[in-house]
Amino acid sequence: MCVDSLNIWLADCSHLLKEWCSREELDEDHSLMVLIPGDVDNALIEETVGNVKALGRVRVRGRTVSMKQNRLKVLCECREKVDLTTVPLELLPEGTTENWRIIIAAESPVENVSPSPLKRLLEGQPADGSAESIIRAVGDLLAKMEKPSGENSSYRRLRVFSGTVPTPSGEESLEHWLEHAHLMVEESECSAKEKRRRIMECLKGPALAVVKAVRTADPEVSPARCLEAIESAFGSAETGEDLYFAFRLLQQQPKERLSDFLRRLELSLTKVVRRGGLPPGRVDRARVEQLLRGAVHSDMMLVQLKLRERKADPPTFLELLSDIRNEEEYESSRTNKWFSVLDLRSGYYQIAMADED
């Protein structure tokens, strides 16, 4: 699609948005349209678009399907005024591979969106300035604009967290938010500055005020220290020793699978280590010891796994989880075979009784 054609298409979409806003009696300065490939429920749309902090709270006000474009058109109302300079042209929701296009009531032409790359591409084309070379250049530019690069290609925004209790709809609880935030800080290869930005872009309200105060005191504060401040301000006041004591009291619930109990242990153990209640080098042994102590409804499986013999050289969490899952699947298949035999014998018995009659 050449620049002129793309601009015409954007203008048509913008005009459609204005008419839609007029019918729904919405302020077009606080509205936008999202073009989505496939069917998506309203809650996910509001959550995804609402992650753009400049828009504030987002609500779906209408939706229709465009058969020609094979897209779902969604009308959204935003709390904040929609500004072209702060709203991205496209969104890539977590777990998807196709972008969502954002249309606002005052779309700018393509050449104003990214003039420098376009100029560079055109300058690299033949000097004849033919229409073919220009179209090829614009196609290359659009391909580069749509293709994520480097670190950002695997980056997914953290969910919103404000520290408000009870947790508002569309936000993460502290426990889940910290789990994802710590994973981002530990696994991402980007700079500390970029990690701080990623943390702050998803905070609001009291939580954002806490991190701003920490940064005021130390402009170069580490991302890990920002997370510690959030946990200290909104988390439990329990010490590492308190959390370790609670960990040692955990027991398997009736009908709870051993693998589910292990995951519950791991969540508790992670908090213990984070608060300094247990050295990281002792984690694997503590996990096995508590599994042996707390798995009161899986005695036979513990025997099959030979965990007591492995305490001296305990497996990691993933190794242990894999062993337990394999054992659970084996027991499940064995149980299914047993019931199949019983069903078969019952069928033979019914046939025999019918013959006697």
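Just so it is clear, the model here is predicted, and its values are computed rather than measured.

A. Here's a closer look at helix α10 (residues 240-248). Residues Gly240, Leu243 and Phe247 constitute the buried set of α10. Buried positions in α10, seen along its axis, are confined to an arc of 65 degrees and lie on one side of it. Turned more than 90 degrees away from the buried face of α10, the exposed residues are Glu241 and Phe245. Packed against the buried residues of α10 are α11 (258-274) and α12 (283-294).

B. Layout of the pattern of salt bridges. In total, this model carries 22 salt bridges according to the counting rule given. Here Arg159 ties to Glu172 by a salt bridge, and the two come within 4.0 Å at their closest N and O atoms. Taken together, the positions of Arg159 in the loop between α5 (131-146) and α6 (174-187) and Glu172 in the loop between α5 and α6 put the pair 13 residues apart, joining distant regions of the chain. Judged by its relative accessible area of 11%, Glu172 falls in the buried class. Asp260 serves as the salt-bridge partner of Arg263, at 2.9 Å between the closest nitrogen and oxygen. Residue Arg263 and its partner Asp260 are located together in helix α11, separated by three residues, close to a single helical turn. Looking at Arg263, the relative accessible area reads 31%, which means it is partly exposed. Because the salt bridges share partners, they merge into one network encompassing Glu194, Arg197, Arg198 and Glu201.

C. Broad picture of unusual backbone geometry. The step from Val165 to Pro166 runs through a cis peptide bond, and the omega angle for that step is -5 degrees. Backbone geometry at Glu25 places phi at a positive 55 degrees, although glycine is not the residue there. A relative accessible area of 74% means that Glu25 is categorised as exposed. Of note in the backbone geometry, Lys306 takes a positive phi value of approximately 55 degrees without being a glycine. Turning to its location among the elements, Lys306 is positioned in the loop between α13 (299-305) and α14 (317-356). Classification of Lys306 by relative accessible area gives exposed; the value is 53%.

Analysis parameters
Residues numbered from 1 in each chain as written. Predicted model: local features only at pLDDT ≥ 70, side-chain atom pairs only at ≥ 80, totals over all residues. Heavy atoms only, no water. Buried < 20%, exposed > 50% of the residue type's maximum accessible area, 1.4 Å probe, protein only. Helix = DSSP H or I, 4+ residues; strand = E, 2+ residues; numbered from the N terminus. Arc of directions from axis to C-beta. Contact = heavy atoms within 4.5 Å. Salt bridge = Lys/Arg side-chain N within 4 Å of Asp/Glu carboxyl O.

So far we have only geometry, and geometry alone does not tell us how the molecule works.
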